[in-house]
Amino acid sequence: MPSPPSRAGCALCRDAEPLPFDFSYAFQPIVDIQARKVFAHEALARGPAGEPADTVLSRVTPENRYSFDQACREKAIRIAAGLQLPSCLSINFLPNAIYRPEVCIRSTLQAAERYGFPVERIIFETVEGEQVSDGKWLAEILSEYKRIGFKTAIDDFGAGFAGLNLLADFHPDIVKLDMALIRGIDHSRSRRAIVAGVMSMCDELDIEVIAEGIETADEARCLSDLGIRLMQGYWFGRPRFEQAAGEADIPWGV
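S.K.: Would you mind showing me how to read the overall build of the protein chain here?
M.R.: Along the backbone of the protein chain there are 10 helices and nine strands. Per-residue burial for the protein chain yields a buried fraction of 48% across its 254 residues. Once local pairs closer than 6 in sequence are excluded, the contacts in the protein chain between residues at least 24 apart make up 72%. Element-wise, carbon and sulfur atoms account for 50% of the exposed surface of the protein chain, whose accessible area totals about 11800 Å².

S.K.: How should I be thinking about the nonpolar core in this particular structure?
M.R.: Inside soluble globular proteins, nonpolar side chains tend to come together where they are buried. With 61 residues, the main nonpolar core has Y25, L89, L223, I228 and M231 as its most contacted residues. Top contributing element to this core by residue count: helix α3 (residues 65-82), with seven residues. Grouped together as the second largest cluster of nonpolar side chains are eight residues, I30, A40, I123 and I210 included.

S.K.: Looking at this structure, I do not really get the packing of aromatic side chains. What am I missing?
M.R.: Describing an aromatic ring pair means giving the distance of the ring centres and the angle of the ring planes. Here the structure, examined in full by the defined rule, presents nine aromatic pairs. Here the aromatic rings of F124 and Y145 are separated by 4.9 Å at their centres, their planes lie at 45°, and the arrangement is tilted. Of this pair, F124 sits in strand β4 (residues 122-127) while Y145 sits in helix α6 (residues 135-148), and the two are 21 residues apart along the sequence. Take F124: its relative accessible area is 0%, and that puts it in the buried class.

S.K.: Just to check I follow, could you spell out the packing of α3 against helix α5 (residues 106-115) for this structure?
M.R.: The packing of two helices is summarised by the inter-axis angle and the distance between the axes. Interhelical geometry of α3 versus α5 gives an angle of 15° and a closest axis separation of 9 Å. In this view, α3 runs roughly parallel relative to α5, as classed from their interaxial angle. The crossing of α3 and α5 is right-handed. Listed contacts from α5 to Q70, R73, E74, I77, R78 and A81 of α3 are S107, T108, A111, A112, R114 and Y115. Counted by class, the contact of α3 with α5 contains five nonpolar, three polar and four charged residues.

S.K.: Honestly, α3 in this entry has me stumped. Any pointers?
M.R.: Helical geometry: 3.6 residues make up each α-helical turn, so side chains three or four residues apart lie on a common side. The first and last C-alpha atoms of α3 sit 26 Å apart over 18 residues, in line with the 26 Å expected at 1.5 Å per residue. Burial analysis of α3 places 13 of its 18 residues in the buried class, which makes it a mostly covered element. Q84, located one to two residues past α3, shows a positive phi value of around 55°.

S.K.: I would appreciate a short explanation of unusual backbone geometry in the present structure.
M.R.: Negative phi is the rule for most residues except glycine; trans is the rule for most peptide bonds. Even without glycine at this site, D206 takes up a positive phi of about 60°. Considering the arrangement of structural elements, one finds D206 in the loop between α9 (189-205) and β7 (208-211). Unlike most non-glycine residues, E242 shows phi in positive territory, near 50°. Relative to the helices and strands, E242 resides in the segment after β9 (240-241).

S.K.: Explanation requested: the environment of A244 in the structure shown.
M.R.: Within the fold, A244 resides in the segment after β9. Measuring from C-alpha to C-alpha, the distance between A244 and H41 comes to 7.3 Å, with 203 residues separating the pair along the chain. Among all residues touching A244, those that are not within four sequence positions of it are H41, L83 and L85.

S.K.: How should I be thinking about α9 in this particular structure?
M.R.: With 17 residues, α9 extends 25 Å between its outermost C-alpha atoms, agreeing within 8% with the 24 Å of an ideal straight helix rising 1.5 Å per residue. For α9, the complete set of buried residues consists of V195, V198, M199 and C202. Along the axis of α9, the buried residues cluster in a sector spanning 105°; they form a single face. Across α9 from its buried face, at more than 90 degrees, point the exposed residues R189, A193 and E204. Against the buried residues of α9 lie β5 (151-157), β6 (174-177), β7 and α10 (217-225). Of the residues flanking the end of α9, it is D206, one or two places downstream, whose phi is positive at about 60°.

S.K.: Quick question: what am I supposed to make of the side chain of T152 here?
M.R.: By the secondary structure assignment, T152 is in strand β5. The buried category is assigned to T152, whose relative accessible area is 0%. Setting aside residues up to four positions removed in sequence, T152 forms contacts with I123, F124, L142, Y145, K146, F170, P172, D173 and I174.

S.K.: Just checking my understanding: could you explain the pattern of salt bridges for this structure?
M.R.: On inspection of all chains with the given rule, the structure shows 15 salt bridges. In this structure, E42 engages K176 in a salt bridge whose closest nitrogen and oxygen atoms are separated by 3.0 Å. With E42 in strand β2 (residues 37-46) and K176 in strand β6, this residue pair connects regions lying 134 residues apart in the sequence. There is no split in this pair, since E42 and K176 are both buried. Across the salt bridge formed by E144 and R147, the nearest N and O atoms sit 2.7 Å from each other. Taken together, the residues E144 and R147, both in helix α6 and three residues apart, mark about one turn of the helix.

Conventions used here
- Residues numbered from 1 in each chain as written.
- Predicted model: local features only at pLDDT ≥ 70, side-chain atom pairs only at ≥ 80, totals over all residues.
- Heavy atoms only, no water.
- Helix = DSSP H or I, 4+ residues; strand = E, 2+ residues; numbered from the N terminus.
- Buried < 20%, exposed > 50% of the residue type's maximum accessible area, 1.4 Å probe, protein only.
- Contact = heavy atoms within 4.5 Å.
- Areas by Shrake-Rupley, 256 points an atom, 1.4 Å probe, with all protein chains shown as cover.
- Core = buried A, V, L, I, M, F, W, Y, C linked by side-chain atoms within 4.5 Å.
- Phe/Tyr/Trp six-rings, centres within 6.5 Å; stacked < 30°, edge-to-face > 60°.
- Axes fitted to C-alpha atoms, helices over the stretch in contact; angles between N-to-C directions.
- Parallel < 35°, antiparallel > 145°, perpendicular 65-115°, else oblique.
- Left-handed = near helix turned anticlockwise from the far one by under 90°.
- Nonpolar A, V, L, I, M, F, W, Y, C, P; charged D, E, K, R; others polar.
- Expected span 1.5 Å × (residues − 1).
- Arc of directions from axis to C-beta.
- Salt bridge = Lys/Arg side-chain N within 4 Å of Asp/Glu carboxyl O.

Next comes the structure, spelled out in structure tokens:
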């Protein structure tokens, strides 16, 4: 697994060549089923004409990872501001692209100020299986982001073994349950027991839980019965290319 980047290497991030490809975003709603509001939109990378994410992510290399990570933040904020997004904006970030969090976040803060998007409505989420060999380094990044005022989230929680260790060092604002735990939960006693256990732990730590990957009304109802109010998945809305769903677009019959 790769080690965290050298913290003396910020000049590489600053002086990197422009990206050799273009990209844009689709936005998928994360809903609050109790308040019947859109809590957030997750920005999902797409090609410049809406091509699938793989057409973009397959072109990310160790040499351009830093430029890509910085460009992602700026573009997601710019498009969200242009859409006058009233909800939070959730942006995936690459921990291995960060040298020093307090330095590498500057362009994000500048973009938020330039486009008038409130910092407190930006969520940075990292994939649990991102292969960061130093969990304390990831906790340091997330802690710095939280100190600045961003919300923080661990994505795909439950997909690997790093999540619990990370929670021991850092308490994010949000954990997003891996969709493998959600699939068919209404027919799986073991999945329900695991999710209930995670909910109990997160309640104790004052961490919000988002269930993602919901595809059926029965899954949504089962999760609601388990106490989860924040949900994401095709049942509530597919990603919309350079558009954002509103409350009127969401099927609230859970």
